[in-house]
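What follows is the residue order along each chain.
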Amino acid sequence: MDQILVSVKQGHLRGKECKDYYGRKYYSFQGIPYARPPVNELRFKAPLPLDKWEGVLDATKEGNRCYARHNFFQKLMGSEDCLFLNIYTPSLHSPLLPVMFWIHGGGYVSDSGSSELYAPDFLVPEDVVLVTINYRLGMLGFLSLKDPSLGIPGNAGLKDQVLALKWVKSNIEQFGGDPNNITIFGQSVGGGSVHYLMLSPLSKGIFHKAIIQSGSALSNRGRGQYSTPLISKALKLNSMTDVELLHVLKELAVEELFELQEKIPEPYLVSVHRPFGFVVEPYLTEGTFLAEEPIDIIKSGRYHDVPLMIGFTSREGFYATVRYNNVQMVGDFEDEIACSLQVAKGTELSKQIANKIKKFFYNNEMPSMLNTDAFHLLQTDNMFLRPVYNTVRYHRDTARCPIYFYRVSIDSQLNAEKRFMGITKPGVCHADELGYLFMSESTAKIAPGSIEDNGIKVFTTLWTSFAKTDNPNPTEKHPLIDVLWKPVKEGPIDFLDIGENLTVGVNPEKIRMAFWDGIDRMCSVR
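Here the structure is a predicted model, which is why all the values come from computation and not from measurement.

### Brief notes about the overall build of the protein
Okay, step 1: The helix and strand inventory of the protein stands at 14 helices and 15 strands.
Okay, step 2: Taking 2.2 N^0.38 as the reference for a compact globule, 526 residues should give roughly 24 Å; the C-alpha atoms of the protein span a radius of gyration of 22 Å, in line with that estimate.
Okay, step 3: The C-alpha extent of the protein, read off along each of the three principal axes, is 65 × 60 × 45 Å.
Okay, step 4: Per-residue burial for the protein yields a buried fraction of 60% across its 526 residues.
Okay, step 5: Sequence-distant contacts in the protein: of pairs separated by 6 or more residues, those separated by 24 or more amount to 73%.

This is the structure we're talking about:
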């Protein structure tokens, strides 16, 4: 592979030439640092811009992944020095190409932007520049302390994303990318991150379009909380101050830090916040990411109003099979009441809502391994679909830019998450759409004209058409895209179903969404 030199504002980079899915040439630059290493005194702090480096930086291999538990190997791995990004481009020359900036999921506790899962081979042939990033995870990225003197209000991992975006906007032209046409996109909490970036004053003017895949700032999946009580309990120490806790945490090696983190219960319930994730910051600084509840910002219209694509998979809730240790049944229906509804467990209202949920999804049968369909639908709605659906409706009321809503129902050998879990039931699992956008180490050989090959062509065309033109409908006739995807307007909610064939409709999962609307009304009339 030939080596390629590029100059950026921090210095010189050496990349390499590669071949994509179709055998065409593209250029790869991996392991590019975009911030100072967040170590020692910068541990837990907001990231700082990178200094210049001497000589030519080797960008032919990936940088360190952020320290976390690896999804596949199930062991802690990575480094604190992990703020790197990768750039893949089909051309280093004019005309400048649209930029797609990918934010990975993983619950803010795992994953990375590496080509292990997010290789560019499907997207770069569509004449876009792809950027993937690492950002700090778990306690390192989302520790939140209320004491202003410590300068750790939370959201450091989200501030990493902001700084990475600023680096890209400042340097991407050197890689053939258009700094005035950047689309941010992500899946799960990566999609939630995209939504948070739409709401944060820190990210104004550094992106131009957004794609949210199975995530939302309204979801409990990405919400964290004030850290001191949780970590003090894990340390078996009572009444620690923020100052005392930080002193302890700074003395720990990164391995010890994450061993401590894993002693903190990680609930996969919508009724409680998670230990580490986004927080409304407890005090204001010039670097505050968000100081208000997302719902209030959305309803007020005080966000970055950019063209938006957003959607979900038909059976997101298959994902809960692993998270519930394959039990696949509800233990306490009061735990299925989202904490955003602010209903105290054990109250008469909480019991009424729990009974309604049980009746609607289980027809009052006891949960068992014989009615797991009910479990999967309930988790689909509660964990993912309901927040996504509300995001569409609330933005529709205040946005001037178009909103395109989709559902994924295609099911093939590229639905890797579902097949990894051994699920044979119909439906598309959380994260299954990723196999049609990114090549990974597990992608098998794809036969031309197969459902897998066609699915890749449909997904990449829709996603990159949106990045190019603000509209996912291709500008030229496409043999696999024969419907018009309409943006959401007032009244019935238009959507595109991305199955083996494309279809359009209105109000997806209408009966279930009407049920949840009724639950919302029960809580709002108190």
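### What about the pattern of salt bridges?
Okay, step 1: Following the criterion strictly, the structure yields 25 salt bridges and no others.
Okay, step 2: One network of salt bridges, with partners in common, ties together Asp 381, Arg 407, Asp 497, Glu 509 and Arg 512.

### Concerning the packing of aromatic side chains
Okay, step 1: The final tally for this structure, using the stated rule, is 28 aromatic pairs.
Okay, step 2: Between Tyr 404 and Trp 485 the ring centres are 5.7 Å apart and the planes differ by 75°, which places this aromatic pair in the edge-to-face class. Placement of the pair is Tyr 404 in strand β13 (residues 403-408) and Trp 485 in the loop between α13 (451-469) and β14 (494-498), with a sequence separation of 81 residues. Each member of the pair, Tyr 404 as well as Trp 485, carries the same accessibility label: buried.
Okay, step 3: One aromatic cluster is present, formed by Tyr 404, Tyr 406, Tyr 436, Phe 459, Trp 463, Phe 466 and Trp 485 through successive ring pairs.

### Let's talk about the pairing of strand β12 (residues 308-313)
Okay, step 1: Taken across its 6 residues, β12 has 6 buried, putting it largely inside the fold.
Okay, step 2: Burial of β12 is two-sided: the residues Leu 308, Ile 310 and Phe 312 facing one way and the residues Met 309, Gly 311 and Thr 313 facing the other way are all buried.
Okay, step 3: Bridge count between strand β11 (residues 209-213) and β12: 4 bridges; the pairing is parallel. Residue Ile 212 lies in a different strand from β12, and its bridge partner there is Ile 310.
Okay, step 4: In the sheet, β12 pairs with β13 via 6 bridges, with the strands oriented parallel.

### Some points on the pairing of strand β9 (residues 129-133)
Okay, step 1: The buried fraction of β9 amounts to 5 of the 5 residues, a majority that puts the element mostly inside the structure.
Okay, step 2: Burial along β9 is two-sided: Val 129, Val 131 and Ile 133 and Leu 130 and Thr 132, pointing in opposite directions, are all buried.
Okay, step 3: Note that strand β8 (residues 97-103) and β9 share 4 bridges and pair parallel. Bridge pairing in β9 links Val 99 to Val 129.

### Quick look at the nonpolar core
Okay, step 1: Core analysis: the largest hydrophobic core is formed by 121 residues, its most contacted members being Phe 29, Leu 85, Ile 87, Phe 101, Phe 175 and Phe 405.
Okay, step 2: At 10 residues, helix α11 (residues 372-398) tops the list of elements feeding residues into this core.
Okay, step 3: Here Phe 101 is in contact with Val 131, Ile 133, Gln 161, Ala 164, Leu 165, Val 168, Ile 182, Thr 183, Ile 184 and Phe 185, once residues within four sequence places are set aside.
Okay, step 4: Judged by nonpolar contacts, the second largest core, of 39 residues, contains Phe 185, Met 309, Trp 485 and Leu 502.

### Details of the environment of His 12
Okay, step 1: The topology assignment puts His 12 in strand β2 (residues 11-19).
Okay, step 2: Note: C-alpha distance between His 12 and Gly 55 (43 residues apart in sequence) is 6.7 Å.
Okay, step 3: If we skip the residues at most four places from it in the chain, His 12 touches Val 6, Ser 7, Trp 53, Gly 55, Val 56 and Leu 57.

### A look at the environment of Lys 25
Okay, step 1: Here Lys 25 is to be found in strand β3 (residues 25-33).
Okay, step 2: Separated by 87 residues in the primary sequence, Lys 25 and Ser 112 place their C-alpha atoms 25 Å from one another.
Okay, step 3: Residue contacts for Lys 25: discarding those within four places in its chain leaves Glu 17, Cys 18, Lys 19 and Pro 90.
Okay, step 4: Here the side chain of Lys 25 touches Tyr 27 through a polar contact of 3.3 Å, side chain to side chain.

### Concerning the state of the cysteines
Okay, step 1: With the rule as written, the count across this model stands at 1 disulfide.
Okay, step 2: With a sulfur-sulfur separation of 2.1 Å, Cys 66 is cross-linked through a disulfide to Cys 82. Because the sign of the S-S torsion sets the handedness, a value of about 85° for the bond joining Cys 66 and Cys 82 places this disulfide among the right-handed ones. Here Cys 66, found in the loop between β4 (56-58) and β5 (68-69), pairs with Cys 82, found in the loop between β6 (76-77) and β7 (84-89); they are 16 residues apart in sequence, far enough to count as distant.
Okay, step 3: Classification of Cys 66 by relative accessible area gives buried; the value is 3%.

### Remarks on helix α3 (residues 156-171)
Okay, step 1: Helix length check: α3 (16 residues) gives 22 Å between terminal C-alpha atoms against 22 Å at 1.5 Å per residue, within 8%.
Okay, step 2: Burial analysis of α3 places 13 of its 16 residues in the buried class, which makes it a mostly covered element.

### Remarks on the environment of Ser 28
Okay, step 1: Mapped onto the fold, Ser 28 is located in strand β3.
Okay, step 2: For the pair Ser 28 and Tyr 135, spaced 107 residues apart in the sequence, the C-alpha separation amounts to 20 Å.
Okay, step 3: Excluding its chain neighbours within four sequence positions, the residues that come into contact with Ser 28 are Gly 15, Lys 16, Cys 18, Ala 59, Ile 87 and Tyr 88.

### A few points about the packing of α3 against helix α4 (residues 189-199)
Okay, step 1: At a minimum axis distance of 11 Å, the contact between α3 and α4 shows a crossing angle of 70°. With respect to their mutual orientation, α3 and α4 come out roughly perpendicular. Contact residues: Leu 158, Gln 161, Val 162 and Leu 165 in α3; Ser 193, Tyr 196 and Leu 197 in α4.
Okay, step 2: Residue composition of the contact of α3 with α4, grouped by class: 5 nonpolar, 2 polar and no charged.

### Focus: helix α6 (residues 242-251)
Okay, step 1: Among the residues making up α6, those that are buried are Asp 242, Leu 245, Leu 246 and Leu 249. Viewed end-on, α6 has its buried residues packed into an arc of 100°, placing them on one side of the element. Structural note: α6 exposes His 247 and Glu 251 on the side pointing more than 90 degrees away from its buried face.

### Quick word on the side chain of Gln 261
Okay, step 1: The residue Gln 261 is located in helix α7 (residues 254-261) in this model.
Okay, step 2: When neighbours within four sequence positions are excluded, Gln 261 is seen to be in contact with Val 109, Gly 138, Met 139 and Phe 276.

### Some points on unusual backbone geometry
Okay, step 1: The linkage connecting Ser 94 with the following residue, Pro 95, adopts the cis geometry, with an omega of 0°.
Okay, step 2: Locating Pro 95 in the fold gives a position in the loop between β7 and β8.
Okay, step 3: Positive phi, close to 85°, is recorded for Asp 111, a residue that is not glycine.
Okay, step 4: One can find Asp 111 in the loop between β8 and α1 (115-118).

Criteria and thresholds
Residues numbered from 1 in each chain as written. Predicted model: local features only at pLDDT ≥ 70, side-chain atom pairs only at ≥ 80, totals over all residues. Heavy atoms only, no water. Helix = DSSP H or I, 4+ residues; strand = E, 2+ residues; numbered from the N terminus. Rg over C-alpha atoms; globule rule 2.2 N^0.38 Å. Buried < 20%, exposed > 50% of the residue type's maximum accessible area, 1.4 Å probe, protein only. Contact = heavy atoms within 4.5 Å. Salt bridge = Lys/Arg side-chain N within 4 Å of Asp/Glu carboxyl O. Phe/Tyr/Trp six-rings, centres within 6.5 Å; stacked < 30°, edge-to-face > 60°. Pairing = 2+ DSSP bridges. Core = buried A, V, L, I, M, F, W, Y, C linked by side-chain atoms within 4.5 Å. Polar contact = N/O pair within 3.5 Å; in protein donor to acceptor, adjacent residues only side chain to side chain. Disulfide = S-S within 2.5 Å. Expected span 1.5 Å × (residues − 1). Axes fitted to C-alpha atoms, helices over the stretch in contact; angles between N-to-C directions. Parallel < 35°, antiparallel > 145°, perpendicular 65-115°, else oblique. Nonpolar A, V, L, I, M, F, W, Y, C, P; charged D, E, K, R; others polar. Arc of directions from axis to C-beta.

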